[in-house]
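Each chain, written out:
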Amino acid sequence: MVDVAVNGYGTIGKRVADAVALQDGMDLVGVAKTKPNFEARNAVERGYPLYAAVKERADEFADAGIDTAGTVGEMLERAEVVIDACPSGVGAQNASMYDDHDVKAVFQGGEDDAVAERSFNASANYGDCVGADSVRVVSCNTTGLLRVLHPLERDHGIGKVRATLVRRGGDPSQHGRGPINDILPNPITIPSHHGPDVRTVMDVDITTTGFKVPATLMHVHSLNVETEASRAEVIETLEDESRVRFVEPDDRVSSTAEIKEMMLDEGRPRGDAWENMVWRDSVSVEDGELYLFQAIHQESDVVPENVDAVRAIAGTADRDESVRATNETLGI
Ligand code: NAD
């Protein structure tokens, strides 16, 4: 049994905590939050021991009538692995605290890759991360790219990759983010950081560019990959990937809003789409170049990766066992 703590209980942290709580070989020993809001109350209602992330603010929880089990240091004393799901940059500040408590750490993609021993993606480099003291689960977009590129490289070999990322302006609850009436080349300079981020996990020739748009639900990638594979071979390879799901012509789904609606109708928690959603009709090969469109649910595609990252660094399962267990418990 691996004792797992989640530090930072927001968009990613609350989803990861729910996923960890479902795993047979893991015990969720606690979640830590800075402020006593509805999410803190909800964590307690779910039976998760709640810890105050900032010692000086611990009284705020008592004042709000929310019971805590202690402060973050006490949570770390009970954990073997901590999943840091704090805002970008805060994870790096927490790293020395995790060292002091001698816990292994899983960081998120908002951190620099230097924060951890290795960047992690279950499909691409699980084996390289087994037994590491710390890993960084790469960002939602990088995870989405690796889930397609790694199997294509493994089965067929690939050449130059070009990807245009149409990125949501903010998550649905982030009322302060934008744009609300604009389209931003973002960043204006080429490449965006996503291509170099892919290369922290996999050796591939890739250039990425990005836009930010007034949307909150998902990102969309337009992907172009040099390959000798035929359309049928590409589809066969991706059909074997459990975390790549085809949006079928019969679904009659032509937008990210409809994908989210489909997930809600299927009873997915919070309408989460853990898999890359690839429009089958978009998969085309012309003159040795593959084209496809995929939608990436930024709030949830990294959730199964975090669960696998725990097993990798704890050394409790090999890649196939871990992916199978994570998929089965979540319902992928
Ligand atoms: P979030 O703001 O929704 O959640 C972060 C939580 O951490 C908040 O509840 C905040 O109050 C809390 N927090 C702040 N300082 C803390 C501290 N010192 N100790 C403990 N908790 C603290 O952020 P998020 O979207 O969940 O992002 C978390 C990480 O995951 C970031 O690195 C981000 O880049 C990455 N990520 C985010 C997304 C996404 O689209 N939301 C996708 C993939 C990866």
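Cut-offs and rules
Residues numbered from 1 in each chain as written. Predicted model: local features only at pLDDT ≥ 70, side-chain atom pairs only at ≥ 80, totals over all residues. Heavy atoms only, no water. Pairing = 2+ DSSP bridges. Helix = DSSP H or I, 4+ residues; strand = E, 2+ residues; numbered from the N terminus. Contact = heavy atoms within 4.5 Å. Axes fitted to C-alpha atoms, helices over the stretch in contact; angles between N-to-C directions. Near = heavy atom within 4 Å. Polar contact = N/O pair within 3.5 Å; in protein donor to acceptor, adjacent residues only side chain to side chain. Nonpolar A, V, L, I, M, F, W, Y, C, P; charged D, E, K, R; others polar. Domains from an automatic or database assignment. Buried < 20%, exposed > 50% of the residue type's maximum accessible area, 1.4 Å probe, protein only. Phe/Tyr/Trp six-rings, centres within 6.5 Å; stacked < 30°, edge-to-face > 60°. Lys NZ or Arg CZ within 6 Å of the ring centre and 35° of its normal. Patch = residues over 30% accessible without salt bridge, like charges linked within 9 Å, V, L, I, M, F, W, Y side chains within 5 Å. Areas by Shrake-Rupley, 256 points an atom, 1.4 Å probe, with all protein chains shown as cover. Salt bridge = Lys/Arg side-chain N within 4 Å of Asp/Glu carboxyl O. Lys, Arg positive; Asp, Glu negative; His and termini not counted. Charge placed at Lys NZ, Arg CZ, Asp CG, Glu CD. Parallel < 35°, antiparallel > 145°, perpendicular 65-115°, else oblique. Left-handed = near helix turned anticlockwise from the far one by under 90°. Core = buried A, V, L, I, M, F, W, Y, C linked by side-chain atoms within 4.5 Å. UniProt positions renumbered as here; feature names shortened; annotations may be inferred. Buried area = accessible area lost by both parts, 1.4 Å probe. Arc of directions from axis to C-beta.

Overview of the sheet that holds strand S5 (residues 81-84)
- Strand order in the open sheet formed by eight strands is S4-S3-S2-S1-S5-S6-S8-S7, with parallel pairing between adjacent strands. Of all strands in the sheet, those with a lone pairing partner are strand S4 (70-71) and strand S7 (118-120), marking the two edges.
- With four bridges joining them, strand S1 (residues 2-7) and S5 adopt parallel strand pairing. Bridge assignment links asparagine 7 to a residue of S5, and that residue is aspartate 84.
- In the packing of helix H6 (residues 122-129) onto the sheet, the strands contacted are S7 and strand S8 (134-137), and the crossing angle to S7 comes to about 140°.

Examining the site of the ligand
- Every one of the 21 residues lining the ligand counts as a neighbour, but Thr11, Ile12, Thr34, Arg168 and Asp171 are closest to it.
- At 3.4 Å, a side-chain N or O of lysine 35 approaches an oxygen atom of the ligand.
- The backbone of glycine 110 places a nitrogen or oxygen atom 3.2 Å from an oxygen atom of the ligand.
- Across the shell around the ligand, the residue classes tally to eight nonpolar, nine polar and four charged.
- Counting the residues that make up the shell around the ligand, at least three belong to each of domain 1 (2-138 + 302-330) and domain 2 (140-296).

Details of the environment of glycine 315
- With respect to the helices, strands and loops of the structure, glycine 315 is situated in the loop between helix H11 (303-314) and helix H12 (319-330).
- Taking the C-alpha atoms as reference, glycine 315 lies 33 Å from glycine 159; in sequence the two are 156 residues apart.

Here we look at the side chain of serine 192
- Structurally, serine 192 can be placed in the loop between strand S10 (184-185) and helix H8 (194-198).
- Using a relative accessible area of 0% as the deciding quantity, one classes serine 192 as buried.
- Separated by 2.8 Å, the side chains of serine 192 and histidine 194 make a polar contact.
- Apart from the residues within four sequence positions on either side, serine 192 is in contact with Pro187, Thr208, Thr209 and Gly210.

Observations regarding the packing of aromatic side chains
- According to the stated counting rule, one finds two aromatic pairs in the structure shown.
- Ring plane angle 40° and centroid distance 5.9 Å describe the contact between tyrosine 98 and phenylalanine 107, whose orientation is recorded as tilted.
- Classification of phenylalanine 107 as buried rests on a relative accessible area of 2%.
- When the ring centre of phenylalanine 246 is taken as reference, the NZ or CZ atom of arginine 280 above it lies at 4.5 Å.

So, a negative patch on the surface
- Together, Asp99, Asp100, Asp102, Glu117 and Asp133 make up a negatively charged patch on the protein surface.
- Position of aspartate 99 among the secondary structure elements: in helix H5 (residues 90-100).

A short note on the packing of helix H1 (residues 11-21) against H11
- Here H1 crosses H11 at 55°, and the two axes come no closer than 9 Å. With respect to H11, the axis of H1 lies oblique. Our pair here, H1 against H11, has a crossing hand that is right-handed. Where H1 approaches H11, its residues Arg15, Val16, Ala19 and Val20 are matched on the opposing element by Val303, Asn306 and Val307.
- Its residues placed into classes, the contact of H1 with H11 shows five nonpolar, one polar and one charged.

As for the nonpolar core
- Residues Val31, Ile83, Val106, Phe120, Val135 and Val310 are the most contacted members of the largest nonpolar core, which totals 43 residues.
- Looking at this core, the element that brings in the most residues is H11, giving six residues.
- A domain split of this core shows at least three residues from each of domain 1 (2-138 + 302-330) and domain 2 (140-296).
- If near-sequence neighbours (up to four positions away) are discounted, phenylalanine 120 is found in contact with Asn125, Tyr126, Cys129, Val135, Arg136, Val137, Val138, Val201, Glu305, Asp308, Ala309 and Ala312.
- Grouped together as the second largest cluster of nonpolar side chains are 28 residues, Val198, Val204, Leu238 and Val283 included.

Notes on the UniProt feature "domain: Glyceraldehyde 3-phosphate dehydrogenase NAD(P) binding" (unreviewed entry) in the protein
- The positions that UniProt labels "domain: Glyceraldehyde 3-phosphate dehydrogenase NAD(P) binding" (unreviewed entry) are, in the present scheme, residues 2-140.
- Along residues 2-140, the helical share is 37% and the strand share 24%, with 25 Å between the first and last C-alpha atoms.

So, the domain arrangement of the protein
- We note that the domain assignment places domain 1 (2-138 + 302-330) and domain 2 (140-296) within the protein.
- One C-alpha centre belongs to domain 1, the other to domain 2, and the line joining them spans 26 Å.
- Each partner contributes residues to the interface: domain 1 has 24 residues there, and domain 2 has 17 residues.
- The largest share of the area that domain 1 buries against domain 2 comes from Arg15, Ser123 and Val138, three residues that together contribute 28% of it.
- Taken together, the connections running from domain 1 to domain 2 amount to six salt bridges.

Focus on H5
- Along H5, the residues that are buried comprise Gly91, Asn94, Ala95 and Tyr98. All buried residues of H5 project into a common sector of 135° when viewed along the axis, lining one side. Of the exposed residues in H5, those oriented more than 90 degrees away from the buried face are Gln93 and Asp100.
- Looking at the residues trailing H5, positive phi occurs at aspartate 102, about 60°.

Digging into unusual backbone geometry
- The linkage connecting asparagine 186 with the following residue, proline 187, adopts the cis geometry, with an omega of 0°.
- The topology assignment puts proline 187 in the loop between S10 and H8.
- That bond from isoleucine 190 to proline 191 is cis: its omega, 0°, falls within 30 degrees of zero.
- In this structure, arginine 270 is a non-glycine residue whose phi angle is positive, near 55°.
- Assignment of secondary structure puts arginine 270 in the loop between helix H10 (256-265) and strand S14 (276-279).
- You will see that aspartate 287, though not glycine, has its phi angle at about 50°, which is positive.
- Checked against the element boundaries, aspartate 287 lands in the loop between strand S15 (284-286) and strand S16 (289-296).

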